[in-house]
Amino acid sequence: MGKYRILVTGTGSLIGQAIIKSIQKSSIKENLKLIGCDYFENTVGSYWCDKNYILPDLLKAEEVGNWKDSIYKIIKRENIDAVFIGVDFELLYFADMKSDIKEKYGCTVMVSDSRVIRIGNDKYLTYNFLKENGLNAPDTVLMDDWDGKDLNYPIIIKPRDGARSRGVELIKDTDTLLERQETLRGKGFVVQKAVGNMEAEYTCGLLYWDNEFKNSIVLKRILKDGNTATAEYNENKEENIVEYIRRIGDKLLPFGSCNLQLRTDENGKPFLFEINPRFSGTTYMRALFGYNEVEYVISKAIGLEPVAMSPKSGKVYRYYEERLVGK
């Protein structure tokens with residue numbers, strides 16, 4: 001078997017590095033060549049790749065065309081077989097380019113379609129999607145439209161397009177709310193009912209391929225600085241959560257991996273509060289349990305029979321690690 005070439009963007013991001021480490025842990029790693037790219041030099045993940053490229057700044061409107069040209073050139077030059085996305089703001093661009101890349105180069109981009117990404121990127125669209133499909137959803141309103149009624153304290157305020165707990169605040173009284181409303185009106189925030197507590201929070205993975213459900217994983221988590229610090233797997237025995245996220249997936253129909261974050265209420269009912277339509281920062285944590293979704297989708301993309309995933313119960317702890325790099 002020859003070397004298959006995998007492109008991973010965001011070699012400096014938690015997600016990109018989780019994807020790379022999952023590849024390194026896979027049974028097919030010896031058959032893969034890793035190409036990385038990022039917007040900064042000397043990312044740790046770049047040292048785990050066979051080659052790394054620096055991309056034009058996609059966040060600058062005048063650089064979008066150059067960024068697209070760079071992606072096409074890398075895929076063609078390196079004969080890339082599959083692309084993994086480790087940076088949130090790249091998702092919609094890759095979704096728009098996905099079919100063209102497949103047609104021109106036979107390369108599979110591991111990204112859902114733009115409909116799925118828009119639902120996941122916008123907390124208010126996420127809420128509407130859940131309600132329209134008869135799924136549990138924490139009551140959510142646009143801050144600019146809210147008159148202060150119908151939601152009981154405590155409540156959550158958050159950006160419509162936020163991620164990793166950025167800008168999220170727990171509000172416990174009217175005085176604090178009025179103060180924050182004065183500051184945040186017109187800035188795209190939502191007000192949401194607070195469900196459960198930190199002891200009842202889960203990060204879950206769905207795996208779909210060609211609109212078919214393939215697998216799922218439910219991890220109870222503890223957060224630190226907006227990211228999962230500890231993840232616990234209990235053989236998916238949380239049957240109500242497993243059923244709930246499967247219903248979400250069958251309506252959403254993501255491609256590849258999709259991350260769902262939720263809490264359960266005092267009665268144990270799950271309420272989703274965030275969809276991340278991409279691989280997760282917990283991707284490598286899942287691989288440590290034995291749920292290597294990166295290996296699975298690479299195998300599907302290059303025509304191999306995927307290795308069965310048989311995750312084992314336990315806990316995974318995230319910690320800092322240092323690396324010495326010579327000149």
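Structure shown above.
So, a few notes on the structure that sits alongside this text.

A count of helices and strands for the protein chain gives nine helices and 15 strands. Its C-alpha atoms give the protein chain a radius of gyration of 20 Å, near enough to 20 Å, the size a compact globule of 327 residues would have. Relative to its 327 residues, the protein chain shows a buried fraction of 51%. The long-range share in the protein chain, meaning contacts at least 24 apart out of those at least 6 apart in sequence, stands at 65%. As presented, the protein chain carries roughly 16100 Å² of accessible surface, and 45% of it is formed by carbon and sulfur atoms. Taking the average place of the 47 positive charges on the side chains of the protein chain and the average place of its 48 negative ones, the gap between the two points comes to 4 Å.

Glancing now at the packing of aromatic side chains. One pass over the full model with this rule turns up nine aromatic pairs. With centroids separated by 5.2 Å and ring planes inclined at 75°, the aromatic side chains of Trp67 and Phe94 adopt a geometry described as edge-to-face. Taken together, the residues Trp67 in helix 2 (residues 64–78) and Phe94 in helix 3 (residues 91–105) connect sequence positions 27 residues apart. Summarising the burial analysis for this pair, Trp67 and Phe94 share the class buried. Look at Tyr233 and Phe289: their rings are 5.8 Å apart centre to centre, the planes differ by 50°, and that puts the pair in the tilted class.

On to the state of the cysteines. For the structure on display, the rule yields zero disulfides. Just so you know, Cys37 is unpaired, no disulfide at all, and the nearest cysteine sulfur is the one on Cys49, 8.7 Å from it. Exposure remark for Cys37: the relative accessible area of 0% places this residue in the buried category. Between Cys107, a cysteine without a disulfide, and Cys37, which holds the nearest cysteine sulfur, the sulfur-to-sulfur distance is 11 Å. Judged by its relative accessible area of 0%, Cys107 is buried.

Scoring rules and cut-offs
Residues numbered from 1 in each chain as written. Predicted model: local features only at pLDDT ≥ 70, side-chain atom pairs only at ≥ 80, totals over all residues. Heavy atoms only, no water. Helix = DSSP H or I, 4+ residues; strand = E, 2+ residues; numbered from the N terminus. Rg over C-alpha atoms; globule rule 2.2 N^0.38 Å. Buried < 20%, exposed > 50% of the residue type's maximum accessible area, 1.4 Å probe, protein only. Contact = heavy atoms within 4.5 Å. Areas by Shrake-Rupley, 256 points an atom, 1.4 Å probe, with all protein chains shown as cover. Lys, Arg positive; Asp, Glu negative; His and termini not counted. Charge placed at Lys NZ, Arg CZ, Asp CG, Glu CD. Phe/Tyr/Trp six-rings, centres within 6.5 Å; stacked < 30°, edge-to-face > 60°. Disulfide = S-S within 2.5 Å.

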